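Residues per chain are reported as follows:
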Amino acid sequence: MAHGNGVLPLLLCLQHVLHFCLGFSQSVDSDFTFTLPPGHKECFYQPMKNGATLEIEYQVLDGAGLDVNFYLVSPHNDVLIFEERRSDGVHTVETDDGDYMFCFDNTFSTISEKVIFFELILDNTGEDGKEDEDWKKYIMGNDPLDMKLEDILEKMNNVKARLSKSVQLQTLLKAFEARDRNIQESNCERVNTWSMINLVVMVVVSAVQVYMLKSWFEEKRKSRP
């Protein structure tokens, strides 16, 4: 009877481990890329809880000047961060209960649209704590099995955090690559445009010079008796 009572918590715990592994790919990180037309402003809202952490990182991937205005507003309508005509930025704030608003402003530009990438990283939102509590209810003592369960929980949390960090770094590298590619394509287009302009100017100048030389010789022939 004691053996059966010991097996049941172990099976429940293994079931919870399997459930945790199946939901392992879920992340509190999210990223977006959008196009901001000239003369426009785009705002986003993120609900947060008290004691959590909100991290925002943005980059201007394409557009003349690679710059945009950015500001972050708290649920109490306080402007926490304001940056004018920046190409990128990283900001972390401790949050209260309510909706945080962050905006990208391109009203200073009249002809150039901007392609903007931003990533949100939410920490201490309460989800991890809930998972820890679910684990702890299966740990009832100080025997070796309970200690091993605590070690499994700690190692899985460490792996989850490192995988989330790896995904975040890969996303940022993709954003840097996209911005560098856009810059290179823009520079290549400029070089080709100026090369065509120089070629046209050289052809026109050469034609004018040939015409002027021919006109001088024709005037000399006409001036002879």
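Our subject is the structure listed above.
Presented here is an overview of the structure given in this document. None of the values given here were measured: they were computed from a predicted structure.

1. With respect to the packing of aromatic side chains
According to the stated counting rule, one finds 14 aromatic pairs in the structure shown. Site record: aromatic cluster; members linked through ring pairs are Phe32, Phe34, Phe44, Tyr58, Phe70, Phe102, Phe104 and Phe118.

2. Some words on the state of the cysteines
One pass over the structure, following the stated rule, counts one disulfide. Each sulfur of the disulfide joining Cys43 and Cys103 lies 1.9 Å from the other. Judged by the torsion about the S-S bond (110°), the Cys43/Cys103 disulfide is right-handed. Here Cys43, found in strand S2 (residues 41–48), pairs with Cys103, found in strand S7 (residues 98–105); they are 60 residues apart in sequence, far enough to count as distant.

3. Concerning the pattern of salt bridges
In the structure shown here, the tally under the stated rule is three salt bridges. Where Asp67 meets Arg85, a salt bridge forms, and the shortest distance between an N and an O atom there is 3.1 Å. Here the residue Asp67 occupies a position in the loop between strand S3 (53–62) and strand S4 (68–73), and Arg85 occupies one in strand S5 (residues 79–86), the gap between them amounting to 18 residues. With a relative accessible area of 9%, Asp67 lands in the buried category. On the basis of relative accessible area, Arg85 is assigned to the partly exposed category, the value being 47%. Of the charged contacts, one joins Lys114 and Asp67 as a salt bridge, the two residues approaching to 3.0 Å between their closest N and O atoms. Residue Lys114 is located in strand S8 (residues 114–123), and its partner Asp67 is located in the loop between S3 and S4; the two are separated by 47 residues in the primary sequence. The two residues Lys114 and Asp67 agree in class, both being buried. Here the salt bridges share partners, and the residues they tie into one network are Asp67, Arg85 and Lys114.

Parameters and conventions
Residues numbered from 1 in each chain as written. Predicted model: local features only at pLDDT ≥ 70, side-chain atom pairs only at ≥ 80, totals over all residues. Heavy atoms only, no water. Phe/Tyr/Trp six-rings, centres within 6.5 Å; stacked < 30°, edge-to-face > 60°. Disulfide = S-S within 2.5 Å. Helix = DSSP H or I, 4+ residues; strand = E, 2+ residues; numbered from the N terminus. Salt bridge = Lys/Arg side-chain N within 4 Å of Asp/Glu carboxyl O. Buried < 20%, exposed > 50% of the residue type's maximum accessible area, 1.4 Å probe, protein only.

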